[in-house]
Amino acid sequence: MKKCLMLFFGALLVIASTVRADEIQKEVILPEPDYEGGRPLMQALRDRHSYREFGVRRIDEQNLADILWAANGVNRPDGKRTIPTARDSRALDVYVLKQGGAYRYNPDRHILELVNPATLRYSAAKQEFVQQADVVLVYVSNYENHETGGMHAGSAYQNVGLYCASAGINNVVLGMIDRDMLRKELHLNDNDYILAAQALGWPKKK
Ligand SMILES: Cc1cc2nc3c(=O)[nH]c(=O)nc-3n(C[C@H](O)[C@H](O)[C@H](O)COP(=O)(O)O)c2cc1C
């Protein structure tokens, strides 16, 4: 049974990874965050909750840029971030798994850097609904102290959760993920530790 499931997901991976080479972008320059966008914070707090259902609409580059900036973007001229970090270590990496590749968000340049041209969001999934998510974020501590890493990831996924509530995008934090597989596929360093993931997608059309 386990073998069948592995073969099934393997086949899905191969099919999903068939993106034409000319469609794979090594760097994606993200649009500037829309600082005027979204609904008031109190409404976002009221509406924040986990959703495990996603529709087919794609998250566009503007929304993705806003989401990543909310997660770990630079919000001051000295390079400090939208999230606080212990001793200003900035020791959090956010990876983006989406159709057409896995990317690392580079906050200083506000761009995505390709780490794997395959569509990996299936390997993040231990729960069926993740297959329907358009984008999966993976939060990685790149510092020895993974305890503070967990706090940094918590700040980031809460920022994203609030952004999503404000924009009407569904999201859920994921602790149940295949860390060993993701570690290999994201080509992480020995010091890197996968803390959590977050599945995102527009709701199904009513
Ligand atoms: C660290 C963490 C890990 C989580 N892991 C999962 C998960 O693997 N799968 C899942 O469906 N929900 C997961 N959740 C979502 C929680 O189940 C959810 O936040 C909780 O039930 C409260 O619901 P709410 O977010 O709608 O308030 C996780 C939440 C956190 C903070």
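All of the points below concern the structure found in this document.

### Comments concerning the overall build of the protein
Along its length, the protein carries five helices and seven strands. The order of α-helices and β-strands along the protein, N terminus first, is α-β-α-α-β-β-β-β-α-β-α-β. Out of the 206 residues in the protein, the part that is buried amounts to 47%. For the protein, contacts bridging at least 24 residues in sequence account for 73% of all contacts bridging at least 6. Working note: accessible area of the protein is about 11200 Å², and carbon and sulfur atoms make up 53% of it.

### Overview of the sheet that holds strand 4 (residues 111–116)
The strand order across the open sheet formed by seven strands is 1-4-3-2-5-7-6, and the pairing between neighbours is antiparallel. This sheet does not close on itself; its edge strands, each paired only once, are strand 1 (27–29) and strand 6 (170–174). Across the sheet, the mean angle separating the axes of adjacent strands is 25 degrees when strand polarity is ignored. As defined by bridge partners, strand 1 adjoins strand 4 across three bridges and the pair is classed as antiparallel. What sits directly across from Val 28, in strand 4, is Leu 112. Sheet contacts for helix 3 (residues 61–72): strand 1, strand 2 (92–98), strand 3 (101–106), strand 4, strand 5 (135–141) and strand 7 (193–201); angle to strand 2, the most-contacted strand, approximately 155 degrees. With respect to the sheet, helix 4 (residues 146–167) is in contact with strand 2, strand 5, strand 6 and strand 7, its orientation differing from that of strand 7 by roughly 5 degrees.

### Topic: the site of the ligand
The local shell around the ligand consists of Arg 48, His 49, Ser 50, Arg 52, Gln 127, Phe 129, Tyr 157, Val 172, Val 173, Leu 174, Gly 175 and Met 176. At a separation of 2.6 Å, an oxygen atom of the ligand approaches a polar side-chain atom of Arg 52. In this structure, Met 176 approaches the ligand through a main-chain N or O atom, which is 2.9 Å from an oxygen atom. Relative to its free-state accessible area of 620 Å², the ligand is covered by the protein chains to the extent of 56%. For the shell around the ligand, the element with the most residues is strand 6, which contributes three residues. In terms of residue class, the shell around the ligand is made up of six nonpolar, four polar and two charged.

### Some remarks on a nonpolar patch on the surface
The grouping of Leu 41, Met 42 and Leu 45 at the surface amounts to a nonpolar patch, some 340 Å² of accessible area in total. The topology assignment puts Leu 41 in helix 2 (residues 41–47). Look at Leu 41 and you get exposed, because its relative accessible area is 54%.

The rules we used
- Residues numbered from 1 in each chain as written.
- Predicted model: local features only at pLDDT ≥ 70, side-chain atom pairs only at ≥ 80, totals over all residues.
- Heavy atoms only, no water.
- Helix = DSSP H or I, 4+ residues; strand = E, 2+ residues; numbered from the N terminus.
- Buried < 20%, exposed > 50% of the residue type's maximum accessible area, 1.4 Å probe, protein only.
- Contact = heavy atoms within 4.5 Å.
- Areas by Shrake-Rupley, 256 points an atom, 1.4 Å probe, with all protein chains shown as cover.
- Pairing = 2+ DSSP bridges.
- Axes fitted to C-alpha atoms, helices over the stretch in contact; angles between N-to-C directions.
- Near = heavy atom within 4 Å.
- Polar contact = N/O pair within 3.5 Å; in protein donor to acceptor, adjacent residues only side chain to side chain.
- Nonpolar A, V, L, I, M, F, W, Y, C, P; charged D, E, K, R; others polar.
- Patch = residues over 30% accessible without salt bridge, like charges linked within 9 Å, V, L, I, M, F, W, Y side chains within 5 Å.
- Salt bridge = Lys/Arg side-chain N within 4 Å of Asp/Glu carboxyl O.

By themselves, these figures tell us nothing about what the structure is for.
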